[in-house]
Amino acid sequence: MFYLRAVRAHWLVALGVFAMCSVTTGLYVSVQSPIYTAKIQLFVATSSEGASATQLYEASNFSVERVKSYVRIINSPDVMQAVVNQLRLDQTAEQLAGSVNASTPVDTVLIDVSVTDRSPRGAQEIANAIGAQFPAVVGRIETPNGGQISPVKVSVTRSASLPAAPSSPRKKVDLLLGVLVGLALGVGTAVVRYRVDRRVRTEAEVSRIVRAPVIGALANDRRINERAPAVDQLSGSIAEELRRLRTNIGFLSIDRKLSSFVITSALASEGKSLIAGNLAIMMARAGERVVLVDGDLRRPRLAEAFSLPGSVGLTSVLVGNVPISRALRQWRDDIPLYLLPSGPIPPNPSELLSSTQFAEIVGELVNSGFVVVFDSPPLLPVTDAALIGRVTGGVLLVAQMKKVRSEQLASASQTLRAAGVNILGVIANRVTKSERVYGYDSIPDSVSAHQTTRRPAYDVVRHDDGLDLATTIIERKPSPERFPSS
């Protein structure tokens, strides 16, 4: 299972290594010239005429010892030059020696000689020429000074035949080996990458690192981007997951209504602004009166995303330039969604977000019956999200699969807990299809049983939000009069 997970996680790398090895092997085999091998066998004997049994035994041992030396001189310059002269070859003795190999079976007087050449006829002729020239060379070496007969006789026991097929390259075998090596290297590379890759990949891993339930999982859909709210264009599983997220937030607030919360992430560009905007739209479509606040006072983007003016906003209210009722902007007339832009970018965002005025603004919105949803900067670069989380009901931490690393996610959750912020849950973003879990049984056990069994102090109403019927939880509370009514 480990290897399967590793290959699934890095299947592109594994496939690339496998393809590279297979293609390289195929190209190598295709450009190789065929090589043919011809073989002869030589027999070494000593003169034993009129010898006794003891002498025959000694002669046999003498031949075995001699054979070991003859193997080393088969491709000597004397033998090779004689072959070159006999066949009138266009190569030197040294070049020819590189294509000749000799060996002897253990405890025998046989010598096996193999010759390789690009031509089958050439390999055969060279091998047979060695069979003719080598005995003559040995005879000269073994003839005693002043003697006329050599005590050693070398004869050919098997002449070279014409090779019917090349000995190399073995295309089918080489291709098979290349494929097997590529498969092994591909899987090995994937396993190594998987072991050293610290990016989170599954909802279970995210929940374990943050020690909080995963209350939503959005699929990896290329149609979704950070530039504009996308709910009106979404359908199918994406819209269903947003409804599920909206409803699961209701499950988290059974005993006490969750009237304000922050959506943040460990890193930038993990999808927190997109999720905050679409979640606010979904909640407003279900009947909640929602204020979406751009709490990113460093790089605000919600006003542009919703095509609303952002010159007046949260910072304007904090410094007392305008009342909050004038800073709110209703997105559309048909749903009760209001946007509070960030306003002019201040030089001291952290001081403003930790001020008493900020806490009073949040309390004023909540007391007026709004559900306040904050978008905020990422946690690792700055701690603004933790400051906002201290005056709201808690934080929803967005984790983009295959982007954020485990140590980054752990550091973000530790930052929140160190600041005394309640982590409500995690939203897994860009989850691949194979890792998605459907149904309310995906809520981790950390959401206690009484939260789903006790009768809430809210009405359960079914709404048609233009995409599909969805169940949401609406607090029974009179509409306020101070702020714009829906």
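Since the model is a prediction, treat every value here as computed from it, not as a measurement. (Residues numbered from 1 in each chain as written. Predicted model: local features only at pLDDT ≥ 70, side-chain atom pairs only at ≥ 80, totals over all residues. Heavy atoms only, no water.)

### Section: the overall build of the protein chain
Threshold: Secondary structure elements follow DSSP: runs of H or I of four or more residues count as helices, runs of E of two or more count as strands, with numbering from the N terminus. Summary of the burial criterion: residues with accessible area below 20% of their type's maximum are buried, those above 50% are exposed, and those between are partly exposed, where the area comes from a 1.4 Å probe applied to protein chains only. Every residue pair with non-hydrogen atoms within 4.5 Å of one another is taken to be in contact. Per-residue accessibility takes into account occlusion by the displayed protein chains alone, with areas from the Shrake-Rupley method and a 1.4 Å probe.
Counting its secondary structure elements, the protein chain contains 18 helices and 14 strands. Among the 486 residues that make up the protein chain, the fraction classed as buried is 48%. Taking the intrachain contacts of the protein chain between residues at least 6 apart in sequence as the baseline, contacts between residues at least 24 apart amount to 78%. In the form shown here, the protein chain has an accessible surface area of approximately 24,600 Å², with 52% of it arising from carbon and sulfur atoms.

### Description of the sheet that holds strand S4 (residues 152-158)
Heads up, the rule is: Two strands qualify as a pair provided DSSP detects at least 2 bridges between them. Each axis is a line fitted through C-alpha atoms, and for a helix only the stretch in contact is used; angles between axes span 0 to 180 degrees, taken between their N-to-C directions.
Across the sheet, which stays open at both edges, the four strands sit in the order S2-S3-S1-S4 with antiparallel pairing between neighbours. Every other strand in the sheet has two partners, leaving strand S2 (100-103) and S4 as the edge strands with one partner each. Ignoring strand direction, the axes of neighbouring strands in this sheet form an average angle of 25°. Bridging between S2 and strand S3 (residues 110-117) involves four bridges; their strand directions are antiparallel. Its bridge partner being in S3, valine 100 is matched across the sheet by valine 115. Contacting strand S1 (36-46), S2, S3 and S4, helix H6 (residues 120-142) crosses the sheet at an angle of about 20° to S1.

### Re the sheet that holds strand S9 (residues 337-340)
Spatially, S5-S12-S11-S6-S10-S7-S9-S8 is the arrangement adopted by the eight strands of the open sheet, whose pairing is mixed. Each edge of the sheet is formed by a strand with only one pairing partner; in this case those strands are strand S5 (214-219) and strand S8 (329-330). In this fold helix H8 (residues 203-210) packs onto S5, strand S11 (395-400) and strand S12 (423-431), with an angle of close to 150° to the strand it touches most, S12. On the sheet, helix H10 (residues 272-285) packs against S5, strand S6 (260-265), strand S7 (290-294), S9, strand S10 (371-375), S11 and S12 and is oriented at approximately 150° with respect to S6.

### Quick look at the nonpolar core
Rules: Residue types Ala, Val, Leu, Ile, Met, Phe, Trp, Tyr and Cys, when buried and joined through side-chain atoms within 4.5 Å, form a set referred to as a nonpolar core.
If you look at the biggest cluster of nonpolar residues, it comprises 51 residues, and the most contacted ones within it are Val206, Leu314 and Leu409. Of all the elements, helix H15 (residues 356-367) adds the most residues to this core, at five residues. Not counting residues up to four positions away in its chain, the partners in contact with leucine 409 are Val200, Val206, Ile209, Val210, Leu397, Ala399 and Val404. Grouped together as the second largest cluster of nonpolar side chains are 34 residues, Leu218, Ala280, Ile281 and Leu302 included.

### Here we look at the pairing of S12
Spelled out, the test is: Call a crossover right-handed when, viewed with both strands pointing away from you, the route from the first strand across the helix to the second goes clockwise.
Across the nine residues that make up S12, a large majority, eight, are buried. Two elements, S5 and S12, share four bridges in a ladder whose sense is parallel. Its bridge partner being in S12, glycine 216 is matched across the sheet by isoleucine 427. Relative to S12, S11 runs parallel, the two being bridged by six bridges. Residue pairing in the sheet places valine 395 in a bridge with isoleucine 423 of S12. Read as a crossover between parallel neighbours, the route from S11 over helix H17 (residues 406-418) to S12 is right-handed.

### Quick word on the pattern of salt bridges
Stated precisely, the cut-off is as follows: Salt bridge, as used here: a side-chain nitrogen of Lys or Arg that lies within 4 Å of a carboxyl oxygen of Asp or Glu.
This structure, assessed with the given rule, holds eight salt bridges. Two residues, glutamate 240 and arginine 243, come together in a salt bridge whose shortest N-O distance is 3.4 Å. Residue glutamate 240 and its partner arginine 243 are both found in helix H9 (residues 236-251); the two are separated by three residues, about one turn of the helix. Overall, the relative accessible area of 4% leaves arginine 243 in the buried class. The residue arginine 244 makes a salt bridge to glutamate 240 at a minimum N-O spacing of 3.9 Å. Residue arginine 244 and its partner glutamate 240 are located together in helix H9, separated by four residues, close to a single helical turn. For arginine 244, a relative accessible area of 9% gives the class buried.

### Looking at the packing of aromatic side chains
The line we're drawing: Centres within 6.5 Å are what make two rings of Phe, Tyr or Trp a pair, Trp counting through its six-membered ring; a difference in plane orientation under 30 degrees is then read as stacked, over 60 as edge-to-face, and the rest as tilted. Look at NZ for Lys and CZ for Arg. If either is within 6 Å of the ring centre and within 35 degrees of the ring normal, a charge sits over the ring.
Using the criterion set out here, one finds four aromatic pairs in the structure. Consider the rings of tyrosine 338 and phenylalanine 370, whose centres lie 5.7 Å apart with planes at 80°: the pair is edge-to-face. Here the residue tyrosine 338 occupies a position in strand S9, and phenylalanine 370 occupies one in the loop between H15 and S10, the gap between them amounting to 32 residues. Phenylalanine 370 carries the same exposure label as tyrosine 338, and that label is buried. In this arrangement the basic side chain of arginine 332 is found over the ring face of tryptophan 331, its NZ or CZ atom lying 4.9 Å from the centre.

### Some thoughts on unusual backbone geometry
For serine 269, which is not glycine, the phi torsion reads 65° and is therefore positive. In this structure serine 269 comes out as exposed when scored by relative accessible area, which is 53%. In the Ramachandran plot, lysine 402 falls in the positive-phi region, its phi being about 65° despite a non-glycine side chain. If you trace the backbone, lysine 402 turns up in the loop between S11 and H17. Of the residues examined, lysine 402 reaches a relative accessible area of 31% and is grouped as partly exposed.

### Overview of a nonpolar patch on the surface
Test applied: Without a salt bridge and with relative accessible area above 30%, a residue can belong to a patch; like charges are then joined within 9 Å and nonpolar side chains (Val, Leu, Ile, Met, Phe, Trp, Tyr) within 5 Å.
Taken together, Val173, Leu176, Leu177 and Leu180 make up a surface patch of nonpolar side chains, about 350 Å² in accessible area. Assignment of secondary structure puts leucine 176 in helix H7 (residues 171-196).

### So, the confidence of the model for the protein chain
Any segment with low pLDDT has predicted coordinates that should not be analysed in fine detail. Formally: For every residue, the predictor reports its confidence as pLDDT, a number between 0 and 100.
A residue-level look at the protein chain finds 80% of positions with pLDDT of 70 or above and a mean pLDDT of 81. Low pLDDT, under 50, characterises residues 437-486; the stretch is placed with 101 contacts to residues that sit more than four places away or in other chains.

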